[in-house]
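# Chain and residue survey
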Amino acid sequence: MACIALTAISLLGGCVVRVAAPPPPPPRPVYVAPPPPPPPPPADAPTDAPVQASEPPPPLPDYDQPPCPEDGYMWTPGYWAWGPAGYYWVPGTWVSPPRVGVLWTPGYWGFVGGAYLWHGGYWGPHIGYYGGVNYGFGYVGVGFGGGRWVGNSFAYNRAVTNVNVTVVHNVVNETVVNNVNVTNVTVNKTSYNGGPNGLQARPTAAEQAVAREQHTPPTALQHQHVQEASRNPDLQAKANGGHPAVAATPRPGAFHAQGVVGARGAAPVANRFNGGAGNNPANQASRGTPGQVNPQARPNTAGPNGARPNGQPKGNGQGKQKNPPKDHPRREDDRH
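For the structure given in this document, a descriptive report is provided here. (Residues numbered from 1 in each chain as written. Predicted model: local features only at pLDDT ≥ 70, side-chain atom pairs only at ≥ 80, totals over all residues. Heavy atoms only, no water.)

Moving on to the overall build of the chain. Counting secondary structure elements, the chain contains five helices and 16 strands. By residue count, 43% of the 336 residues in the chain fall in the buried class. At a minimum sequence separation of 6, the contacts of the chain that also span at least 24 residues come to 62%. Carbon and sulfur atoms form 58% of the exposed surface of the chain, whose accessible area is close to 18100 Å². (Helix = DSSP H or I, 4+ residues; strand = E, 2+ residues; numbered from the N terminus. Buried < 20%, exposed > 50% of the residue type's maximum accessible area, 1.4 Å probe, protein only. Contact = heavy atoms within 4.5 Å. Areas by Shrake-Rupley, 256 points an atom, 1.4 Å probe, with all protein chains shown as cover.)

It is worth spelling out helix H3 (residues 220–230) at this point. When we look at burial in H3, the residues that qualify are Gln222, His223, His225 and Ala229. Looking down the long axis of H3, one finds its buried residues gathered within 155° of arc, a one-sided arrangement. (Arc of directions from axis to C-beta.)

In space, the three strands of this open sheet follow the order E10-E11-E12, with mixed pairing throughout. Two strands bound the open sheet, and with one partner strand each, they are strand E10 (147–150) and strand E12 (171–172). Pairing geometry for E10 and strand E11 (residues 153–157), over four bridges, is antiparallel. When the sheet's bridge partners are listed, Arg148 is paired in E11 with Ala155. (Pairing = 2+ DSSP bridges.)

Next up on the list: the pattern of salt bridges. Applying the stated criterion across every chain, the model contains four salt bridges. A single salt-bridge network, built from bridges that share partners, covers Asp62, Asp64 and Arg264. (Salt bridge = Lys/Arg side-chain N within 4 Å of Asp/Glu carboxyl O.)

A few words now on the nonpolar core. Counting 49 residues, the largest nonpolar core has Tyr63, Tyr135, Tyr139 and Tyr156 as its most contacted members. Mapped onto this core, the elements with two or more residues apiece are strand E2 (74–76), strand E3 (79–83), strand E4 (86–90), strand E5 (92–95), strand E6 (103–105), strand E7 (108–112), strand E8 (115–119) and E11. It is E4 that contributes the most residues to this core, four residues altogether. (Core = buried A, V, L, I, M, F, W, Y, C linked by side-chain atoms within 4.5 Å.)

So, on to the side chain of Gln236. Mapping Gln236 onto the fold places it in the loop between H3 and helix H4 (237–240). For Gln236, a relative accessible area of 15% translates into the label buried. Every residue in contact with Gln236, bar those within four places of it in the chain, is listed here: Ala85, Gly86, Tyr87, Tyr88 and Ser230.

Now for the sheet that holds E8. The strand order across the open sheet formed by four strands is E1-E8-E7-E15, and the pairing between neighbours is mixed. Here the strands that pair on one side only, and so sit at the sheet edges, are strand E1 (51–53) and strand E15 (192–193).

On to the side chain of Asn157. With respect to the secondary-structure elements, Asn157 resides in strand E11. Of the residues examined, Asn157 reaches a relative accessible area of 1% and is grouped as buried. A polar side-chain atom of Asn157 sits 2.9 Å from the main-chain carbonyl oxygen of Gly145. Setting aside anything within four residues of it in sequence, one finds Asn157 in contact with Gly145, Gly146, Gly147, Val172, Asn173, Glu174 and Val176. (Polar contact = N/O pair within 3.5 Å; in protein donor to acceptor, adjacent residues only side chain to side chain.)

No statement about biological role is implied by the geometric values presented.
Here you go:
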């Protein structure tokens with residue numbers, strides 16, 4: 001018995017009791033915030049969607065330019081835009097540029113592959129190709145003669161732009177030769193390039209170089225101007241016969257403001273104009289035959305309150321002038 005007991009003790013002495021440790025707790029969840037949404041596009045740099053039309057735009061209407069409302073504003077000519085109901089007129093207007101030193105190259109319609117494509121306008125250091133369309137007021141189809149930047153100030157060319165020298169002080173007076181899109185004495189009002197009846201101008205080497213420069217799209221106010229025009233039934237070409245009652249405005253979107261100008265031949269619109277008889281399209285139709293170039297036309301000299309813009313009194317010093325020229329420059333830039 002003693003041997004058995006000793007053997008049992010020796011066996012027990014060699015045993016090791018192991019106690020299993022409890023499993024570690026699961027890791028605590030860590031909150032990871034979702035990535036922020038992408039920022040919206042800048043308000044002053046929206047992009048233009050491609051626009052295609054199945055028919056050519058109407059000829060450009062004939063209208064006067066409202067006076068520049070403020071020093072530093074740039075003229076953007078009117079044009080025909082395309083919408084669900086067809087073409088509608090986007091009035092020409094004065095716009096504050098996005099920054100100093102840029103110029104506005106207007107858009108144009110081009111006939112390509114059996115359709116009419118809209119090439120949107122843009123801001124840039126130089127004027128680019130705009131289809132050879134004679135928009136007037138310095139945009140005679142190639143380049144721009146309405147003024148130029150001198151340092152941080154824009155110098156307006158009074159020969160082709162309507163400026164009030166009491167408001168705008170930095171001016172020049174330079175002749176702009178309109179040597180494009182003229183047949184005899186009638187200025188070509190064609191508003192598109194290409195096709196059998198469109199303008200046949202092609203981009204110059206300089207304009208091709210401008211196309212490779214960095215450009216700035218239209219400002220937010222310019223886009224709002226277009227949107228308001230699209231919602232105005234009176235600006236539809238089918239409604240106005242190509243003679244919009246609001247052909248140009250003093251500022252973007254100011255379709256009912258004093259200084260609104262109607263196209264020659266436009267039907268009057270009741271209670272639309274607050275600027276007196278001079279702004280009523282019914283009275284503008286009597287200003288002369290649209291589209292005619294006067295070979296002896298003198299530079300526009302109208303200024304504030306009927307005074308001549310270059311500071312000269314009425315008349316030309318060669319006798320009485322029964323019917324002095326009107327205050328606004330002609331759309332055709334025909335003073336040469």
